[in-house]
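Fold and contact review
Read off the chains here:
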Amino acid sequence: MASSNVNVSSSALTVGFDLDMTLIDSRPGIRACYLALAERTGTYIDADLAVTRLGPPLVEEMAHWFPAERVEEMAAVYRGMYPAYAIEATPALDGAREAIAAVREAGGRAVVVTAKYEPNAELHLEHLGIEPDAVIGDLWAEQKALALREHGASVYVGDHVGDVRGARAAGAVSVAVATGPCDAAELRAAGADVVLAGLTEFPQWFSDYCSDYRPARA
């Protein structure tokens with residue numbers, strides 16, 4: 001949970017990471033949860049289509065399948081079902097643990113800033129043994145800048161053009177990974193400073209970045 005009392009020194013190097021399709025491949029778990037919700041409610045949901053457009057807030061996807069007056073209700077039902085269907089089914093993406101480790105080995109802090117419901121984001125990370133310094137959920141696109149600025153993040157890593165927008169709004173370096181719904185060309189067009197094929201390329205990029213990094217003066 002983000003805290004208004006976060007105190008990040010000017011010398012701290014903090015890197016933010018998105019969660020879905022950046023650190024974790026959440027497609028199998030989300031697909032299973034949508035199918036279970038469809039069975040529970042008797043409402044058709046194309047789960048295979050839904051997992052091709054991960055990134056935006058849950059309510060945006062729910063609006064494709066439920067009338068407007070039921071979207072918030074169904075989002076709450078989905079979030080409640082999520083731990084039983086999605087956590088164990090979701091693996092870490094290649095390079096996720098190594099990316100967090102690279103930040104730590106450089107003496108930095110790693111924070112996860114995601115649009116996912118925060119308690120479920122924490123369950124994913126706990127299950128996979130990934131331990132960031134903070135987890136901040138329920139923030140999308142430019143909203144992510146609130147947490148990135150609060151934690152003093154100079155870099156934000158994500159897979160979606162919304163993550164690029166969040167990084168730019170925070171004045172952070174936007175590192176995009178082409179492991180989600182947006183391809184490399186879309187990410188570059190959105191203004192990403194760096195586009196990597198995936199997090200397996202992050203440690204080398206980060207090492208080069210750190211060699212040039214000069215923290216701002218207080």
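What counts and how
- Residues numbered from 1 in each chain as written.
- Predicted model: local features only at pLDDT ≥ 70, side-chain atom pairs only at ≥ 80, totals over all residues.
- Heavy atoms only, no water.
- Helix = DSSP H or I, 4+ residues; strand = E, 2+ residues; numbered from the N terminus.
- Buried < 20%, exposed > 50% of the residue type's maximum accessible area, 1.4 Å probe, protein only.
- Contact = heavy atoms within 4.5 Å.
- pLDDT = per-residue confidence, 0-100.
- Axes fitted to C-alpha atoms, helices over the stretch in contact; angles between N-to-C directions.
- Parallel < 35°, antiparallel > 145°, perpendicular 65-115°, else oblique.
- Left-handed = near helix turned anticlockwise from the far one by under 90°.
- Salt bridge = Lys/Arg side-chain N within 4 Å of Asp/Glu carboxyl O.

**Focus: the environment of Ile30**
Residue placement: Ile30 occurs in helix H1 (residues 27-41). Assessed through its relative accessible area of 4%, Ile30 is described here as buried. Separated by 19 residues in the primary sequence, Ile30 and Leu49 place their C-alpha atoms 11 Å from one another. Setting aside residues no more than four positions away along its own chain, Ile30 makes contact with Asp20, Val51, Leu54, Tyr78, Tyr82, Ala86 and Lys116.

**Focus: the confidence of the model for the protein**
Per-residue pLDDT for the protein averages 93, and the proportion of residues at 70 or more is 92%. Long-range and interchain partners of residues 1-11, a stretch whose pLDDT sits below 50, account for 21 contacts in this model, where long-range means more than four residues apart.

**Observations regarding the environment of Leu93**
Secondary-structure assignment places Leu93 in the loop between helix H4 (71-86) and helix H5 (96-105). For the pair Leu93 and Thr22, spaced 71 residues apart in sequence, the C-alpha separation works out to 7.1 Å. For Leu93, the residues in contact, after removing those within four places along its chain, are Met21, Thr22, Leu23, Ile24, Asp25 and Thr179.

**Focus on the packing of H5 against helix H10 (residues 202-212)**
It is the contact of H5 with H10, at a shortest axis distance of 9 Å, that shows an interaxial angle of 20 degrees. Considering the angle they form, H5 stands roughly parallel to H10. Crossing angle aside, the handedness with which H5 passes H10 is right-handed. Judged by residue contacts, Glu98, Ala99, Ala102 and Val103 of H5 engage Phe202, Pro203 and Phe206 from H10.

**Thoughts on the pattern of salt bridges**
For the structure on display, the rule yields nine salt bridges. Two residues, Lys144 and Asp18, come together in a salt bridge whose shortest N-O distance is 3.1 Å. Remark: Asp18 occurs in the loop between strand E1 (14-17) and H1 and Lys144 occurs in helix H7 (residues 144-150); sequence separation between them is 126 residues. Just as Lys144 is buried, Asp18 falls in that class too. A salt bridge links Asp25 to Arg27; the nearest nitrogen and oxygen atoms lie 2.9 Å apart. Note on Asp25: relative accessible area 13%, which makes it buried. By sharing partners, the salt bridges in this structure join Asp18, Lys144 and Asp163 into a single network.

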